[in-house]
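# Residue-level structural notes
Here is how the chains run, residue by residue.
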Amino acid sequence: MSLTNTPPTAELQALDAAHHMHPFTANGALGQKGARIITRAQGVRLTDSNGEELIDGMAGLWCVNIGYGRAELAEAAARQMRELPYYNTFFQTSHVPALTLAAKLAELAPDDLNHVFFAGSGSEANDTNIRMVRQYWALKGQAQRGTIIARRNGYHGSTMGGGSLGGMAAMHAQGGMPIPGIVHIDQPYWWGEGGDMTPEEFGLARARALEEKILEIGPETVAAFIAEPVQGAGGVIIPPDSYWPEVQRIVDKYGILLIADEVITGFGRLGQWFGSQSYGIRPHIMTIAKGLSSGYQPIGGSIVCDEVAQTIAQDEFNHGYTYSGHPVAAAVALENLRILDEESIVTRVRDEAAPYLANAWATLTDHPLVGEAVSRGLMASLALTPDKSSRAAFAAGPGRAGYVCREYCFANGLVMRHVGDRMIIAPPLVISTSDIDELIRRARNALDQTLEHLHRDGAMVAA
Ligand code: PXG
């Protein structure tokens, strides 16, 4: 079958249901309904196999930072494939794309984050991080420092390591996660869990949960704390301003390593190259993927500080992936970084797109369904609620209203995700102000229709 001369949607859906097992999908239910099949994309817009156009409010899966259709990346890939389609970086070899990309990342990353270990994805990079921080402490003569503290409702990937670092209860319920040596603390989610505290009080309390956990299990057993600067998959949870400075104080006090998972927040999403810079935190390791190549090629990695990298270098690190630093992926990532840089896309997020989105998004707060409308950089979320004043959840249980809203978004030509009853967006960083207006218009229509639907079902009821 030719992939460009597309057969009718029903035929594609039948093939898909018969043979393709989808991630994070009830495959049986999808088989009944048929998958939405995306065939083309340009800029911030997708086209599906029925010819419908959608604004991609999620930049794919939080990754297409420079937008779709940049031929320069295709050309970089083709050039690299002709010259050297594959070689590895094991056993004392290297190649130009990997070493050039590592040097470029060292230049972009703050402070002494000067070393890069490549992986094929964010999950793999976090698996690397687990082994690297434990090996670091072993080489320091403190092998008992093996425990990594992470957060409930954090997301760090879907491998055994990444899924264990993540704090997703539904994932832990399947397949024997979390692996030993990983413990979780509560998240800084004020709207959902802050009770009567002010956001600032709550941010401090949730940061101090880290100190309590360190003291509970013994500081001498703790290797690292891992967290996303802003939780993405958990529902675009923006921590109160008091949170990160207190976390930084605590990791400094106990001398534990800080891993900032920048898979979503890296490469301009928050208006700086890295989310850590946006929050003024000083990680020892940053996990990267997604926006590193704008999703045009699968590539991830860990950017590592001098002290950790120099310690790891004292012995052979028995770890690596066939595709660590894959030359085609690295060449594409370099071209992506060149475009982000030369077209000032990151500064435009900071100075224009993010403030514009913040204002436009905040107008949704007046909608009867919307409890809060928050954003940071080009990540934004809405909390749907049957009762704003009490920040109530729906009696029907989490996720039903969100699901209804997501379906109306699709019907209105907008890809907006739901996480439970939070609606989330993270559009390509190149989104224009007029496309932000159009996105908000479509979101508002979808909210109106969702509200009508929930009223009709008698579902505007607080739990
Ligand atoms: N860390 C973070 C912070 C992520 O968001 C990963 C690690 C894992 O990356 P890979 O490349 O292995 O997928 C991610 C990935 C969602 C969703 O539903 C989020 C991700 C992936 C798939 C779905 O929001 N984030």
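The rules behind each value
Residues numbered from 1 in each chain as written. Predicted model: local features only at pLDDT ≥ 70, side-chain atom pairs only at ≥ 80, totals over all residues. Heavy atoms only, no water. Helix = DSSP H or I, 4+ residues; strand = E, 2+ residues; numbered from the N terminus. Rg over C-alpha atoms; globule rule 2.2 N^0.38 Å. Buried < 20%, exposed > 50% of the residue type's maximum accessible area, 1.4 Å probe, protein only. Contact = heavy atoms within 4.5 Å. Areas by Shrake-Rupley, 256 points an atom, 1.4 Å probe, with all protein chains shown as cover. Expected span 1.5 Å × (residues − 1). Arc of directions from axis to C-beta. Disulfide = S-S within 2.5 Å. Near = heavy atom within 4 Å. Polar contact = N/O pair within 3.5 Å; in protein donor to acceptor, adjacent residues only side chain to side chain. Nonpolar A, V, L, I, M, F, W, Y, C, P; charged D, E, K, R; others polar. Domains from an automatic or database assignment. Phe/Tyr/Trp six-rings, centres within 6.5 Å; stacked < 30°, edge-to-face > 60°. Lys NZ or Arg CZ within 6 Å of the ring centre and 35° of its normal. Pairing = 2+ DSSP bridges. Axes fitted to C-alpha atoms, helices over the stretch in contact; angles between N-to-C directions. Core = buried A, V, L, I, M, F, W, Y, C linked by side-chain atoms within 4.5 Å. Buried area = accessible area lost by both parts, 1.4 Å probe. Salt bridge = Lys/Arg side-chain N within 4 Å of Asp/Glu carboxyl O.

## Some words on the overall build of the protein
A tally of helices and strands in the protein yields 17 helices and 15 strands. Computed over C-alpha atoms, the radius of gyration of the protein comes to 22 Å, within 12% of the 23 Å expected from 2.2 N^0.38 for 463 residues, which places it in the range of a compact globule. Across its three principal directions, the C-alpha atoms of the protein cover 65 × 60 × 45 Å. Here the protein holds 463 residues, and 55% of them are scored as buried. Within the protein, contacts between residues at least 6 apart in sequence are counted, and of these 71% link residues at least 24 apart. Carbon and sulfur atoms make up 53% of the accessible area of the protein, which totals about 19300 Å².

## Brief notes about helix H4 (residues 71-83)
Over its 13 residues, H4 runs 18 Å from end to end, which matches the ideal 18 Å to within 8%, given 1.5 Å per residue. Buried residues of H4: Leu 73, Ala 76, Ala 77 and Gln 80, and no others. Considered in projection along H4, the buried side chains sweep an arc of 95° and stay on one side of the axis. The exposed set on the far side of H4, more than 90 degrees from its buried face, consists of Arg 79 and Arg 82.

## Remarks on the state of the cysteines
Going through the model one piece at a time under the given rule, you end up with zero disulfides. Here Cys 405 stays free of any disulfide, with the sulfur of Cys 409 as its closest cysteine sulfur at 4.3 Å. Note on Cys 405: relative accessible area 0%, which makes it buried.

## Some details on the site of the ligand
In the neighbourhood of the ligand, 16 residues make up the surrounding shell, with Trp 62, Gly 122, Ser 123, Asp 261 and Arg 417 lying closest. In this structure, an oxygen atom belonging to the ligand sits 2.5 Å away from a side-chain N or O atom of Ser 123. Contact distances for the ligand include 2.6 Å between an oxygen atom and a side-chain N or O atom of Arg 417. If the ligand stood free it would expose 540 Å²; the protein chains cover 83% of that surface. Of all the secondary structure elements, the ones that give two or more residues to the shell around the ligand are helix H3 (59-62) and helix H6 (122-139). Considering every element that reaches the shell around the ligand, the biggest residue donor is H6, with three residues. Considered class by class, the residues forming the shell around the ligand number six nonpolar, six polar and four charged. Taken together, domain 1 (37-66 + 344-456) and domain 2 (72-342) each give at least three residues to the shell around the ligand, which thus spans both.

## Focus: the packing of aromatic side chains
Note on aromatic pairs: each is described by the distance of the centres and the angle between the planes. Across all of its chains, the model carries seven aromatic pairs by this definition. Centre to centre, the rings of Tyr 86 and Tyr 323 are 5.9 Å apart; their planes meet at 90°, and the pair counts as edge-to-face. You can see Tyr 86 sitting in the loop between H4 and helix H5 (96-108) and its partner Tyr 323 sitting in the loop between helix H13 (306-312) and helix H14 (327-342), a full 237 residues away along the chain. Residue Tyr 86 is classed as partly exposed on the basis of its relative accessible area, which comes to 30%. Of the aromatic side chains, those joined through ring pairs into one cluster are Tyr 86, Tyr 87 and Tyr 323. Positioned above the aromatic ring of Trp 137 is the side chain of Arg 145, whose terminal nitrogen or guanidinium carbon lies 4.3 Å from the ring centre.

## Some remarks on the sheet that holds strand E1 (residues 38-42)
Taken in spatial order, the four strands of this open sheet run E1-E2-E3-E13, and their pairing is mixed. Bordering the open sheet on either side are E1 and strand E13 (414-415), each of which pairs with just one other strand. Packing against the sheet, helix H17 (residues 433-456) makes contact with strand E2 (45-48), strand E3 (53-56) and E13, and its axis sits at approximately 105° to E3.

## A look at the nonpolar core
Among the nonpolar cores identified, the biggest contains 88 residues, and Leu 105 and Trp 361 are the most heavily contacted of them. For this core, the domains that each give at least three residues are domain 1 (37-66 + 344-456) and domain 2 (72-342). In this structure, Leu 105 is in contact with Val 116, Phe 118, Phe 267, Ile 288, Leu 292, Ile 303 and Leu 337, ignoring residues within four places of it in sequence. Ala 227, Val 247, Ile 250 and Val 251 belong to the second largest nonpolar core, which has 37 residues in total.

## Things to note about the sheet that holds strand E12 (residues 379-384)
Taken in spatial order, the four strands of this open sheet run E11-E12-E15-E14, and their pairing is antiparallel. Two strands lie at the open edges of the sheet, namely strand E11 (370-376) and strand E14 (417-419), each paired on one side alone. Neighbour-to-neighbour, the strand axes of the sheet open up by a mean angle of 25°, direction not taken into account. Here six bridges tie E11 to E12, and the two strands are oriented antiparallel to one another. Residue pairing for E12: Val 374 is matched across the bridge by Ser 381.

## Remarks on the domain arrangement of the protein
Interfaces are frequently sized by the accessible area removed from exposure as the parts join. Its domain assignment divides the protein into domain 1 (37-66 + 344-456) and domain 2 (72-342). Computed from C-alpha coordinates alone, the two centres of domain 1 and domain 2 are separated by 26 Å. Counting residues at the interface gives 34 residues for domain 1, matched by 38 residues for domain 2. Where domain 1 abuts domain 2, roughly 2900 Å² becomes buried across the two surfaces, and 61% of that area is made up of carbon and sulfur atoms. At the junction of domain 1 with domain 2, the criterion picks out zero salt bridges.

## With respect to helix H1 (residues 9-19)
Given 3.6 residues per turn, any residue in an α-helix points the same way as the ones three and four places further on. Among all positions in H1, only Thr 9, Leu 12 and Asp 16 are buried. Each buried residue of H1 lies within a common arc of 65° when the element is viewed along its axis, so the set occupies one face. Exposed residues pointing more than 90 degrees away from the buried face of H1 are listed as Ala 10, Ala 18 and His 19. On its buried face, H1 sits against helix H2 (27-33).

## Comments concerning the environment of Asp 16
Tracing the chain through its elements places Asp 16 in helix H1. Along the primary structure Asp 16 and Ala 392 are separated by 376 residues, whereas in three dimensions their C-alpha atoms are 39 Å apart. Those residues in contact with Asp 16 that sit more than four places away from it in its chain are His 22, Leu 30 and Ala 35.

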